[in-house]
Amino acid sequence: MTDVPGFPPNTQLLAALTRLGQATRMEAVRNAGPHNLSPLQADIISLFRRDATALRQSDIVTALASTAPTISDAVRVLRKKGLLDATADLSDARARLVRLTPAGHAEATRLNVYSESLVEAVDTLPEEELAAILRVGTKLMRELENRNLIPTSRMCPTCRFFVPNAHPSDDARPYHCNFVDAAFGDAEIRVTCPDHEVRG
Ligand code: SF4
């Protein structure tokens with residue numbers, strides 16, 4: 001099949017990804033919650049939930065591929081809203097550690113649940129299509145990470161416990177996770193795994 005002139009598939013894929021990003025952004029705006037969180041503020045709260053109990057602001061800048069002034073502003077607002085606390089970092093006199101307050105933990109729990117409408121839309125996909133998207137999606141994410149275009153994710157393909165061709169005769173579960181010692185397939189690939197350790 002030849003490309004339709006002016007609409008090469010690579011740019012159409014990028015347009016589709018942009019639209020999907022807009023959908024999650026719009027849901028984040030609709031899901032501002034009792035503290036009227038902006039999408040960035042919600043991302044910061046979610047980062048604590050997923051990755052750490054305490055973070056330096058520079059860690060947040062890196063994790064969200066943002067800038068120091070933008071994150072500094074958002075952290076200041078979150079502290080004003082009573083969702084974050086800051087304490088001295090004993091290992092670096094110039095740095096401060098920020099962490100969730102009890103109200104921040106409550107927000108993190110609320111944000112832990114994906115929007116029902118987005119989940120419903122994804123659930124319309126048959127499992128084999130979902131698995132294919134996860135496989136191709138992680139491949140593309142890895143390429144973007146290698147080019148420093150997105151922050152590093154805790155996903156299987158970059159994990160030291162991941163063995164890609166451990167079970168070549170098993171089409172459904174060709175991979176192996178040495179952390180839980182189990183075979184798995186594309187449908188079980190994780191992109192945010194708490195047990196992930198970067199491959200050395
Ligand atoms: S520990 Fe997590 S990220 Fe690593 S291979 Fe196992 S499931 Fe994947």
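Residues numbered from 1 in each chain as written. Predicted model: local features only at pLDDT ≥ 70, side-chain atom pairs only at ≥ 80, totals over all residues. Heavy atoms only, no water.

Caption draft 1: Representation of the overall build of the chain. Each helix and strand in the chain was counted, giving seven helices and six strands. Each helix and strand of the chain, ordered N terminal to C terminal, gives the series α-α-β-α-α-β-β-α-α-α-β-β-β. If one aligns the C-alpha atoms of the chain with their principal axes, the spans along those axes are about 55 × 45 × 30 Å. In the chain, which comprises 200 residues, the share counted as buried stands at 27%. A fraction of 50% describes how many contacts in the chain between residues 6 or more apart in sequence connect residues 24 or more apart. Approximately 13,200 Å² of the chain is accessible, and the part contributed by carbon and sulfur atoms is 57%. (Helix = DSSP H or I, 4+ residues; strand = E, 2+ residues; numbered from the N terminus. Buried < 20%, exposed > 50% of the residue type's maximum accessible area, 1.4 Å probe, protein only. Contact = heavy atoms within 4.5 Å. Areas by Shrake-Rupley, 256 points an atom, 1.4 Å probe, with all protein chains shown as cover.)

Caption draft 2: Quick look at the site of the ligand. In the vicinity of the ligand, the contacting residues are Cys156, Cys159, Phe161, Phe162, Cys177, Phe179, Arg190, Cys193 and Asp195. Split into classes, the residues belonging to the shell around the ligand amount to seven nonpolar, no polar and two charged. (Near = heavy atom within 4 Å. Nonpolar A, V, L, I, M, F, W, Y, C, P; charged D, E, K, R; others polar.)

Caption draft 3: Expanded view of the packing of aromatic side chains. Inspection of the entire model under this criterion finds four aromatic pairs. Judged by centre distance (5.6 Å) and plane angle (65 degrees), the ring pair of Tyr175 and Phe184 falls under edge-to-face. For the pair shown, Tyr175 and Phe184 are each scored as buried. Ring pairs connect the aromatic residues Phe162, Tyr175 and Phe184, which therefore count as one cluster. (Phe/Tyr/Trp six-rings, centres within 6.5 Å; stacked < 30°, edge-to-face > 60°.)

Caption draft 4: Representation of the sheet that holds strand E5 (residues 175-177) within the structure. Taken in spatial order, the three strands of this open sheet run E4-E5-E6, and their pairing is antiparallel. Because the sheet does not close on itself, it has two edges, and the strands there are strand E4 (162-163) and strand E6 (182-184). As paired strands, E5 and E6 are joined by three bridges and run antiparallel to one another. Along E6, the bridge assignment pairs His176 with Ala183. (Pairing = 2+ DSSP bridges.)

Caption draft 5: Quick peek at the pairing of strand E3 (residues 96-100). As judged from the three bridges shared by strand E1 (residues 54-56) and E3, these two strands associate in the antiparallel manner. Considered in E3, the bridge of Leu55 is made with Val98. Pairing of strand E2 (residues 84-88) with E3, which is carried by five bridges, proceeds in the antiparallel orientation. The residue of E3 that forms the bridge with Asp85 is Arg99.

Caption draft 6: Looking closely at the sheet that holds E3. Taking strand neighbours across the sheet as the criterion, the three strands line up as E1-E3-E2 in an open arrangement whose pairing is antiparallel. In the strand order of this sheet, the two ends are held by E1 and E2, each with one partner. Averaged over all adjacent pairs, the angle separating strand axes in this sheet is 35 degrees, with direction ignored. Each of E2 and E3 touches helix H4 (residues 68-80); the most contacted strand, E2, lies at about 110 degrees to it. (Axes fitted to C-alpha atoms, helices over the stretch in contact; angles between N-to-C directions.)

Structural measurements only, silent on function.
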